[in-house]
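Structural features, examined
Below, each chain spelled out in residue letters.
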Amino acid sequence: QVQLVESGGGLVRPGGSLRLSCVASGFTSSNYAMSWYRQAPGKERELVAHITSTGGITNYADSVKGRFTISRDNAKKTVYLQMNSLKPEDTAVYYCYAERVGVISYNYWGQGTQVTVSS
């Protein structure tokens, strides 16, 4: 059974930090590019950060550059999102996403974890 399970969300004050984790199971995640998306109430889901299958290339939304870091440990089948200097506008449900593009493409979503930044 394919699963992406996120954890690490919670309530944090502005300026604080959180680290999200996403554990993959049921597929060979090391062959997949991984991303973190977020969706705030009343807004569309947006891409936050992306990392290639080997971890060699990362990309970030302009709104999080310099504050968030995406990384992966393929031996642990886990992707991380380190979030520093959090702002109230970072409040959202954060989703893990796995994608393999090829002759046949595959993609999977996690169930999401809530991040709330508030004083």
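Heads up: these notes are all about the structure in this document. (Residues numbered from 1 in each chain as written. Predicted model: local features only at pLDDT ≥ 70, side-chain atom pairs only at ≥ 80, totals over all residues. Heavy atoms only, no water.)

**Here we look at empty space enclosed by the protein**
In the structure shown here, the tally under the stated rule is one cavity of 30 Å³ or more. The wall of the largest cavity is formed by C22, A24, S29, M34, R72, N74, K77, T78 and V79. Across the lining of the largest cavity, the residue classes break down as four nonpolar, three polar and two charged. (1 Å grid on protein atoms, 1.4 Å probe; cavity = no way out; pocket = protein on both sides within 12 Å on 5 of 7 lines; lining within 4 Å. Points joined across faces, edges and corners; volume = space filled by probe spheres on them. Nonpolar A, V, L, I, M, F, W, Y, C, P; charged D, E, K, R; others polar.)

**Concerning the state of the cysteines**
Counting across every chain of the model gives one disulfide. Across the disulfide from C22 sits C96; the S-S distance is 2.1 Å. Across the S-S bond of C22 and C96 the torsion is about -80°, and the bridge reads as left-handed. With C22 in strand β3 (residues 18–25) and C96 in strand β9 (residues 92–100), this pair connects stretches of sequence that are 74 residues apart. Judged by its relative accessible area of 1%, C22 falls in the buried class. Looking at C96, the relative accessible area reads 0%, which means it is buried. (Disulfide = S-S within 2.5 Å. Helix = DSSP H or I, 4+ residues; strand = E, 2+ residues; numbered from the N terminus. Buried < 20%, exposed > 50% of the residue type's maximum accessible area, 1.4 Å probe, protein only.)

**Brief notes about the packing of aromatic side chains**
The geometry of two aromatic rings is summed up by the distance between their centres and the angle between their planes. Tallied over the full model, the rule gives seven aromatic pairs. A ring pair is formed by F27 and Y32, whose centres lie 4.8 Å apart and whose planes are at 70°; its orientation type is edge-to-face. Comparing F27 with Y32, the two get one shared label, buried. Arranged with centres 5.8 Å apart and planes meeting at 35°, the rings of Y32 and Y108 form a pair that is tilted. With Y32 in the loop between β3 and β4 (33–39) and Y108 in strand β10 (residues 106–109), this residue pair connects regions lying 76 residues apart in the sequence. A cation sits over an aromatic face here: R45 above Y95, 3.7 Å from the ring centre. The ring centre of W109 lies 4.6 Å from the NZ or CZ of R45, which sits over that ring. (Phe/Tyr/Trp six-rings, centres within 6.5 Å; stacked < 30°, edge-to-face > 60°. Lys NZ or Arg CZ within 6 Å of the ring centre and 35° of its normal.)

**Concerning unusual backbone geometry**
Even without a glycine there, the phi angle at K77 is positive, about 55°. Along the chain, K77 falls in the loop between β7 (68–73) and β8 (78–83). Given the relative accessible area of 29%, K77 is considered partly exposed. Of note, S85 is a non-glycine position whose phi angle comes to about 50°, a positive value. Of note, S85 is situated in the loop between β8 and β9. Owing to a relative accessible area of 41%, S85 belongs among the partly exposed residues under this scheme.

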